[in-house]
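Descriptive structure summary
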Amino acid sequence: MLLTLDLDSEVPIYQQIRDRIVEAVADGELVEGASLPSTRQLGADLGINFHTVNKAYDLLRTQGFIRINRKTGAVVRRDAASGPAEDGYADEWQERLRTLLAEAVALGLGPREVTSRCETVLDSFAVSSRR
């Protein structure tokens with residue numbers, strides 16, 4: 001798994017790590033049961049503090065993307081092939097989506113452009129082509 005981070009971005013590094021891992025799951029690069037590097041190893045690989053990686057992993061754990069066990073380490077909990085989302089997830093996701101779409105509209109993107117960009121991104125995920 002290759003993570004590309006932008007150290008000059010306004011997005012915190014832990015959030016970038018979280019986002020890249022979620023994208024890797026959506027792309028089918030990481031599947032249910034796949035092991036992630038230890039926080040110390042990923043921190044060393046990326047040249048960042050392992051506490052930053054730990055914060056990203058904790059966020060992924062609380063959001064249900066990974067499970068963490070002392071024996072097995074961090075493991076992908078589910079992927080697109082794992083079945084339907086857990087109860088309540090779609091409603092929670094829709095609230096976050098509403099905010100993201102509000103940002104786009106507030107900054108001048110029209111409905112057609114927003115829809116087109118959403119379709120482009122969805123089509124870019126490997127799992128989308130399998131459905």
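What counts as what
- Residues numbered from 1 in each chain as written.
- Predicted model: local features only at pLDDT ≥ 70, side-chain atom pairs only at ≥ 80, totals over all residues.
- Heavy atoms only, no water.
- UniProt positions renumbered as here; feature names shortened; annotations may be inferred.
- Helix = DSSP H or I, 4+ residues; strand = E, 2+ residues; numbered from the N terminus.
- Axes fitted to C-alpha atoms, helices over the stretch in contact; angles between N-to-C directions.
- Parallel < 35°, antiparallel > 145°, perpendicular 65-115°, else oblique.
- Left-handed = near helix turned anticlockwise from the far one by under 90°.
- Contact = heavy atoms within 4.5 Å.
- Nonpolar A, V, L, I, M, F, W, Y, C, P; charged D, E, K, R; others polar.
- Domains from an automatic or database assignment.
- Buried area = accessible area lost by both parts, 1.4 Å probe.
- Salt bridge = Lys/Arg side-chain N within 4 Å of Asp/Glu carboxyl O.
- Polar contact = N/O pair within 3.5 Å; in protein donor to acceptor, adjacent residues only side chain to side chain.
- Expected span 1.5 Å × (residues − 1).
- Buried < 20%, exposed > 50% of the residue type's maximum accessible area, 1.4 Å probe, protein only.
- Arc of directions from axis to C-beta.
- Pairing = 2+ DSSP bridges.
- Core = buried A, V, L, I, M, F, W, Y, C linked by side-chain atoms within 4.5 Å.

Structural notes on the UniProt feature "domain: HTH gntR-type" (unreviewed entry) in the protein chain
Under the UniProt annotation, "domain: HTH gntR-type" (unreviewed entry) lies at residues 11-79. For residues 11-79, the end-to-end C-alpha separation is 25 Å, with 51% helix and 12% strand making up the annotated structure.

Here we look at the packing of helix α2 (residues 39-46) against helix α3 (residues 50-62)
In contact at an axis separation of 8 Å, α2 and α3 are set at 120° when each is read in the N-to-C sense. Here α2 is positioned oblique relative to α3, judged by the angle of their axes. Where α2 crosses over α3, the two elements pack in a sense that is right-handed. Where α2 approaches α3, its residues Thr39, Arg40, Leu42 and Gly43 are matched on the opposing element by Phe50, Val53, Asn54 and Tyr57. Along the lines of polarity and charge, the residues of the contact of α2 with α3 split into 4 nonpolar, 3 polar and 1 charged.

Description of the domain arrangement of the protein chain
As assigned here, the protein chain comprises domain 1 (13-76) and domain 2 (89-129). Its C-alpha centre places domain 1 at a distance of 24 Å from the equivalent point of domain 2. Listed per partner, the contact involves 4 residues of domain 1 and 4 residues of domain 2. Both faces combined, the contact of domain 1 with domain 2 buries some 370 Å², and carbon together with sulfur accounts for 56% of it. Applying the counting rule to domain 1 against domain 2 returns 0 salt bridges. The interface formed by domain 1 and domain 2 includes 0 residue pairs in polar contact (both at pLDDT 80 or more). In terms of residue class, the side of domain 1 that touches domain 2 is made up of 2 nonpolar, 1 polar and 1 charged.

Here's the deal with α3
Between its first and last C-alpha, α3 extends 18 Å over 13 residues, near the 18 Å set by a 1.5 Å rise per residue. Looking at α3, one finds that the buried residues are Val53, Ala56, Tyr57 and Leu60. Take α3 and look down its axis: the buried residues cluster within an arc of 95°, on one side only. Exposed residues pointing more than 90 degrees away from the buried face of α3 are listed as His51 and Thr62.

Section: the pairing of strand β2 (residues 73-76)
Note: strand β1 (residues 66-69) against β2, 4 bridges, orientation antiparallel. Looking at β2, one finds that Ile66 is bridged to Val76. The antiparallel pairing of β1 with β2 creates a hairpin that spans 3 residues between the two strands.

Here we look at the nonpolar core
Ile17, Ile21, Leu30, Leu36, Tyr57, Leu60 and Ile66 are the most contacted members of the largest nonpolar core, which totals 20 residues. Of all the elements in the fold, those that place two or more residues in this core are α1 (13-26), α3 and β2. Looking at this core element by element, the count peaks at 5 residues for α1. Discounting chain neighbours no more than four positions away, the residues touching Leu60 are Arg18, Ile21, Val22, Phe65 and Ile66.

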